[in-house]
Amino acid sequence: MKAKRYRSAGLVIESEFELPGLVEEITGLEHPQLSFVHASRKPSYPRTPKMTGLNWACDETTFHFVVPDVAVFEISADGTVSVWPQSEAHDDVAAYLIGSVLGIVLHMRKVVTLHASAVDIGGRAVLFCGESGAGKSTMAAALQRHGFKVLCDDICAVELTTDGAIAHSDGRKLKLWQQSIKMLEITNGVTQPVLRGLDKYYVESGLNTKASASILEVVELTRVPGPAMPRIVALPSSEAAAVVRSQAYRPFLVQELGDEALYFEAAVSILRQAKVYRLERAYDFDQINTTIALLQEHWLSSNQL
C-alpha cells in the first residue's frame, strides 16, 4: 500500500498502514515528523533496557511495545515506528498506532499529552477529561450536534508557549459506543468498528486537523448516583492542579520517563489562563440536552459565547 499522510497532535504522520481513525491529509507537502512502517524483521527486545514494564521496555533511543496477538512496535527517537503485525486484522494495529503508540511518541518528545476531548468555544478550547468511560467522546459528539466544533476526541497535545497553553487537534474521528450513536440520533458519518468485536465505531467529526486553540477551561466529567440534575462546580486551585496533572495520557509514562516536573509546569501554565470545573451528572442519556443547555448557559454567563 502506498503511504498516506495524516496529521495528529501537531505532527504530520506518514503511514504504510491505513489509519481509519484519522482524517487523511489530501493536500500539503510538509515533511513527515513521524512514520509508521512495516518492520523488515520482528523487533527485538532491548539488550540493556533502561526501564521495563508489562509488555514494554525502553533504552536511550527506542521504546519496545508489545500488544499480544496484535503487533510488536519499535518506537525510535528519530520518529520511525516499526511495526511487526501479529494479526491479519490491521485495523486493530491501526487503533493502537493512533492511540497508545502515538501517546508514547508524544511522551518521548516531551509533549504534554492529556487524555481529553476538546471543543472550540468562541475560538478557545474547552477540554473534557475524566476516567475511562466518563463520556468524553459522547460529550464532544453532543456538543457537535449543537453546532460546536470538535478539536480533540481522545489525545490532547498541549504546547506550552510564551503566550500560554495551546491545545492541538488530534485529527481523530470520534469513537462512540453504539448506544451513544443511537441516543444522539447520529445517522451520518458512522464508519467502521474501532476494534474487532467491539461495539464502538469511528464517527466523522468534521474537525480541522490543523486546528489549535488556547485553553479556556478544563472540565472534569464525573457521574453521580440516582436521578440528580447536572451541575457545574468550580474547583479550588489546589484541586484543579491535581485534576490537570492526573489527566496525563498513559500516566505511568510520566513517572517512568521522569516528567513529573513537566506536567507540574503544564498545570501551572493552564491554571494561569483557564479555570477548572467539575461537571456532575447522572448516567442518563435523557439528561444530555439538559447538560448541554447547562454548559451553554455557563459559557454565556462568562461571556464566552
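Attention in this report is confined to the structure presented alongside it. The residue numbering used here restarts from 1 in each chain and proceeds along that chain's sequence as written. Local features in this predicted model are restricted to residues whose pLDDT is 70 or higher, and side-chain atom pairs enter the listing and the counts only when it is 80 or higher, whereas totals over whole chains, interfaces and linings include all residues. The basis for the side-chain values is all heavy atoms of the structure; hydrogens and waters are excluded.

### Things to note about the pairing of strand 13 (residues 164-168)
- With a 1.4 Å probe rolled over the protein chains alone, any residue whose accessible area is under 20% of its type maximum counts as buried; one over 50% counts as exposed, and the rest are partly exposed. By definition, any uninterrupted DSSP run of H or I lasting at least four residues is a helix, any uninterrupted run of E lasting at least two residues is a strand, and each is numbered from the N terminus. Of all 5 residues that make up strand 13, 5 are buried, and the element is covered over most of its length.
- Any two strands with at least two DSSP bridges between them are considered paired. Bridging between strand 12 (residues 155-161) and strand 13 involves 5 bridges; their strand directions are antiparallel. When the sheet's bridge partners are listed, Ala157 is paired in strand 13 with His168.
- The hairpin turn running from strand 12 into strand 13, its antiparallel successor, is 2 residues long.
- Sheet analysis places strand 13 next to strand 17 (residues 212-223), joined by 3 bridges and oriented antiparallel.

### Observations concerning the nonpolar core
- We define a nonpolar core as any set of buried Ala, Val, Leu, Ile, Met, Phe, Trp, Tyr and Cys residues linked to one another through side-chain atoms lying within 4.5 Å. Core analysis: the biggest nonpolar cluster contains 37 residues, and Leu19, Phe73, Val81, Leu97 and Val101 have the highest contact counts within it.
- Of the residues forming this core, the biggest block, 10 residues, is contributed by helix 1 (residues 90-108).
- Contacts between residues were defined by any pair of non-hydrogen atoms, one from each residue, lying within 4.5 Å. Excluding its chain neighbours within four sequence positions, the residues that come into contact with Leu97 are Phe17, Leu19, Phe36, Phe73, Val81, Val83 and Leu102.
- Counting residues in hydrophobic clusters, the runner-up holds 29 residues, among them Leu114, Ala116, Ala213 and Val254.

### Remarks on empty space enclosed by the protein
- A 1.4 Å probe that fits into a set of points on a 1 Å grid over the protein atoms alone but cannot get out defines a cavity; an open set with protein on both sides within 12 Å along at least five of seven lines defines a pocket, and lining residues are those with an atom within 4 Å of a point. Grid points are joined across faces, edges and corners, and a volume is the space filled by probe spheres set on the points. This structure, assessed with the given rule, holds 2 cavities of 30 Å³ or more.
- Along its surface, the second largest cavity is lined by Leu114, Ala116, Leu127, Cys129, Val218, Val243, Val244 and Gln247.
- Listed by contribution, the elements that provide at least two residues to the lining of the second largest cavity are strand 9 (112-121), strand 10 (124-129) and helix 4 (237-246).
- Broken down by class, the residue content of the lining of the second largest cavity amounts to 7 nonpolar, 1 polar and no charged. When residues are grouped by polarity, Ala, Val, Leu, Ile, Met, Phe, Trp, Tyr, Cys and Pro land in nonpolar, Asp, Glu, Lys and Arg in charged, and all others, Gly among them, in polar.

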